[in-house]
Amino acid sequence: MKQKPRVDETSGVFRQGGLSYLNIPARDIRASAAFYTGVFGWRMRGDPDRGSFEDGGGQVIGHFMTDQAVAGDAGIVPYVYVEGLDETVGRVAAHGGTVVKPIYPEGDVRVALFRDPAGNLVGAWQRP
């Protein structure tokens, strides 16, 4: 008997060569979950204490990890595409984050940098 897949095989995570899974360092799983849910609209999956998430587009899944060092400035900086950068940046502080670099133009897009509640550096960008 064929076993049922753990993740819906029609999900956007199954893309050859596409980024599909992240472990995000977190000091407090619930604080990080509230931040990414409130700022980007990500969805939490399963047990809230396990920190499993799916991004707003359904193409990236992952976990918040309390046993990993915060990426800070030395690690990879993920940039999340948004359609309302001003509103997104406005939600950062309300959900426990800190704006590091307010909205600025970069080529033909607008970008902002901030830290999540654990201190990870995260960017958001938008087409004008």
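Conventions adopted
- Per-chain numbering applies: the sequence of each chain, read as written, is numbered from 1 onward.
- Thresholds applied to this predicted model are a pLDDT of at least 70 for local features of residues and 80 or more for the giving and counting of side-chain atom pairs; totals over whole chains, interfaces and linings are not thresholded and use all residues.
- Hydrogens are left out, water is left out, and the side-chain values use all remaining heavy atoms of the structure.
- Helix numbering and strand numbering both begin at the N terminus, where a helix is a DSSP run of H or I of at least 4 residues and a strand a DSSP run of E of at least 2.
- A contact between two residues is defined here by any heavy atoms of the two lying within 4.5 Å.
- In this count, Lys and Arg are taken as positive residues and Asp and Glu as negative ones, while His and the chain termini are left out.
- Lys charges are placed at NZ, Arg charges at CZ, Asp charges at CG and Glu charges at CD.
- Whether a set of points on the 1 Å grid over the protein atoms alone is a cavity depends on a 1.4 Å probe fitting there but being unable to get out, while an open set qualifies as a pocket with protein on both sides within 12 Å along at least five of seven lines; lining residues are those with an atom within 4 Å of a point.
- Grid points are joined across faces, edges and corners, and a volume is the space filled by probe spheres set on the points.
- Note on residue classes: Ala, Val, Leu, Ile, Met, Phe, Trp, Tyr, Cys and Pro are nonpolar, Asp, Glu, Lys and Arg are charged, and everything else, Gly too, is polar.
- Note on terminology: a nonpolar core comprises buried Ala, Val, Leu, Ile, Met, Phe, Trp, Tyr and Cys residues joined through side-chain atoms within 4.5 Å.
- Here the term buried applies to any residue with accessible area under 20% of the maximum for its type, exposed to any over 50%, and partly exposed to those in between, with areas from a 1.4 Å probe on protein chains only.
- Each pair of strands is called paired provided DSSP finds at least two bridges between the two strands.
- Axis angles are defined between N-to-C directions and span 0 to 180 degrees, where every axis is a line fitted to C-alpha atoms and, for a helix, only to the segment in contact.
- The working definition used for a salt bridge is a side-chain nitrogen of Lys or Arg within 4 Å of a carboxyl oxygen of Asp or Glu.

Peer 1: Would you take a moment to explain the overall build of the chain for this structure?
Peer 2: Counting its regular elements, the chain contains 2 helices and 8 strands. The secondary structure elements of the chain, listed N-terminal to C-terminal, are β-α-β-β-β-β-α-β-β-β. The C-alpha extent of the chain, read off along each of the three principal axes, is 55 × 30 × 25 Å. Put simply, of all contacts in the chain between residues at least 6 apart along the chain, 54% involve residues at least 24 apart. Side chains of the chain give 14 positive and 15 negative charges; the mean places of these two sets differ by 3 Å.

Peer 1: Which parts of the structure should I look at to understand the layout of surface pockets?
Peer 2: If you roll a probe as big as a water molecule over the atoms, it shows you where there is empty space left. Of the volumes computed, that of the largest pocket is approximately 350 Å³. As for the largest pocket, its lining consists of 16 residues, and the residues nearest its centre are Trp42, Asp55, Tyr79, Val80 and Tyr81. Take the lining of the largest pocket: its biggest share by element is 3 residues, from strand β5 (residues 79–81). Here the lining of the largest pocket is composed, by residue class, of 10 nonpolar, 3 polar and 3 charged.

Peer 1: Help me out: how do you make sense of the nonpolar core in this one?
Peer 2: Counting residues in each nonpolar core, the largest one holds 20 residues, and the members touching the most others are Tyr36, Phe40, Trp42, Phe64 and Phe114. Put simply, the parts of the chain that give this core at least two residues each are α1 (29–40), α2 (85–92), β7 (109–115) and β8 (121–126). Considering every element that reaches this core, the biggest residue donor is α1, with 6 residues. Leaving out residues up to four positions away in the same chain, Phe64 has contacts with Ile24, Ala26, Ile29, Ser32, Ala33, Tyr36, Met44, Arg50, Gly51 and Phe53. Counting residues in hydrophobic clusters, the runner-up holds 5 residues, among them Tyr104, Val109, Leu113 and Leu121.

Peer 1: Before we go on, may I ask you to explain the sheet that holds β5 in this structure?
Peer 2: Within a sheet, each strand pairs with its neighbour through backbone hydrogen bonds, oriented either parallel or antiparallel. The strand order across the open sheet built from 4 strands is β5-β8-β7-β6, with neighbouring strands paired in mixed fashion. Single-partner strands in this sheet number two, and they are β5 and β6 (98–106). Strand-to-strand twist in this sheet, taken as the mean axis angle between neighbours without regard to direction, amounts to 20°. Strand direction decides the pairing type here: β7 and β8, joined by 6 bridges, are antiparallel. Bridging across to β8, Ala112 finds its partner in Ala124.

Peer 1: What's the story with the pairing of β8 in this structure? I'm lost.
Peer 2: In summary, the side chains of a regular strand alternate between the two faces of the sheet. With 5 of its 6 residues buried, β8 lies for the most part within the structure. Judged from the 3 bridges that link them, β5 and β8 form a sheet pairing that is parallel. When the bridges of β8 are listed, Tyr81 appears paired with Trp125. The antiparallel hairpin formed by β7 and β8 contains 5 residues in its connecting segment, where Gly119 sits at a positive phi of about 105°.

Peer 1: Looking at this structure, how should I read the pattern of salt bridges?
Peer 2: Two side chains of opposite charge can pair, provided their charged atoms sit close to one another. Across all of its chains, the model carries 5 salt bridges by this definition. In this structure, the salt-bridge partner of Asp49 is Arg30, at a minimum N-O distance of 3.0 Å. With Asp49 in the loop between β2 (43–45) and β3 (52–54) and Arg30 in helix α1, this pair connects stretches of sequence that are 19 residues apart. Under the relative-accessibility criterion, Asp49 is labelled partly exposed at 47%. Its salt-bridge partner being Glu54, residue Arg43 comes within 2.5 Å of it at the nearest N-O pair. Taken as a pair, Arg43 in strand β2 and Glu54 in strand β3 lie far apart in primary sequence, 11 residues in all. Classification of Arg43 by relative accessible area gives partly exposed; the value is 37%.

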